[in-house]
Amino acid sequence: MGVNQLLADLGHLTRVHPSRQNNRFTIQPLAKDLAVRMNGTDLIQVLLNLTVNAFQCAPGCLAVDIEGQVLEHPLDLEAFKDGPGDRLLNVENFDNCAPLLRLSVRDTGPGIPLEVLPKIFEAYFSTKGARQGTGLGLNIVQRLVKEAHGALHVHTELGRGTVFTVYLPALPLPVPGL
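The paragraphs below set out a description of the structure included in this document. (Residues numbered from 1 in each chain as written. Predicted model: local features only at pLDDT ≥ 70, side-chain atom pairs only at ≥ 80, totals over all residues. Heavy atoms only, no water.)

Moving on: the side chain of Asp65. Secondary-structure assignment places Asp65 in strand 3 (residues 63-71). A polar contact is formed between the side chain of Asp65 and the side chain of Arg24, at a distance of 3.1 Å. Side-chain polar atoms of Asp65 contact the side chain of Thr26, separated by 2.3 Å. (Helix = DSSP H or I, 4+ residues; strand = E, 2+ residues; numbered from the N terminus. Polar contact = N/O pair within 3.5 Å; in protein donor to acceptor, adjacent residues only side chain to side chain.)

This is how it looks when you write it as structure tokens:
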């Protein structure tokens, strides 16, 4: 199944999600559709967890955008530096061969406090209230991306928002009838 169909399915799922409320939400499909080496349900789970976290990161209205892009070259991993507002996960297991799919989930929320950032992928870690989550969403995202031999980058700036970017090995879509 193509990534654009999965993005459309995600749009339908989030349309009625209670966390969406008055948040502005856009999905930009791929200019040229492709498939990924990941179960479609797992990819929707990854994107849904990232999107719902973005919806819930602050009260009131904010913008949440998903953008997909096909990369025709391997990532320059030297360009990614872990720092106070940046983390790159699963480098050691990442199948960094083109083509790659890059999916970014960007929000205009408050950003992740720098002292919290190192903990966000730990199981059961949550900054939400007891009735708002289990603290498993980002842990599941990390596990699913790792199982697919992908990589996960998070960039956050206080007062400016957060971007989670998933990189996955991609495949051309099969030609119908062949």
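Let's pick the thread back up.
The element strand 7 (residues 161-171) is largely enclosed, with a buried count of 10 among its 11 residues. Across two bridges, strand 2 (residues 35-36) lies against strand 7 in antiparallel orientation. Paired with Val36 across the two strands is Ala170, which belongs to strand 7. Sheet topology note: the strand 5 (residues 100-107)/strand 7 ladder contains eight bridges and is antiparallel. Counted as the bridge partner of Val105 is Phe164 from strand 7. As defined by bridge partners, strand 6 (residues 151-157) adjoins strand 7 across seven bridges and the pair is classed as antiparallel. Note on strand 7: the bridge partner recorded for Ala151 is Tyr167. Where strand 6 folds back on strand 7, the antiparallel hairpin that results is connected by three residues, among which Gly159 adopts a positive phi of roughly 80°. (Buried < 20%, exposed > 50% of the residue type's maximum accessible area, 1.4 Å probe, protein only. Pairing = 2+ DSSP bridges.)

The next point concerns the packing of helix 2 (residues 40-56) against helix 3 (residues 137-147). Helix packing geometry: the angle between the two helix axes and the distance between the axes. One way to put it is that helix 2 packs onto helix 3 with a least axis distance of 9 Å and a crossing angle of 150°. Where helix 2 crosses over helix 3, the handedness of that crossing is left-handed. Counting all contacts with helix 2, which are made through Asp42, Gln45, Val46, Asn49, Leu50 and Asn53, the residues of helix 3 involved are Gly137, Leu138, Ile140, Val141, Leu144 and Val145. Broken down by class, the residue content of the contact of helix 2 with helix 3 amounts to seven nonpolar, four polar and one charged. (Axes fitted to C-alpha atoms, helices over the stretch in contact; angles between N-to-C directions. Left-handed = near helix turned anticlockwise from the far one by under 90°. Contact = heavy atoms within 4.5 Å. Nonpolar A, V, L, I, M, F, W, Y, C, P; charged D, E, K, R; others polar.)

Let us look at the environment of Lys81. You can see Lys81 is positioned in the loop between strand 3 and strand 4 (86-89). Lys81 gets classed as exposed once you look at its relative accessible area, which sits at 55%. Among the polar contacts listed, one links the side chain of Lys81 to the backbone oxygen of Glu78, at a separation of 2.8 Å.

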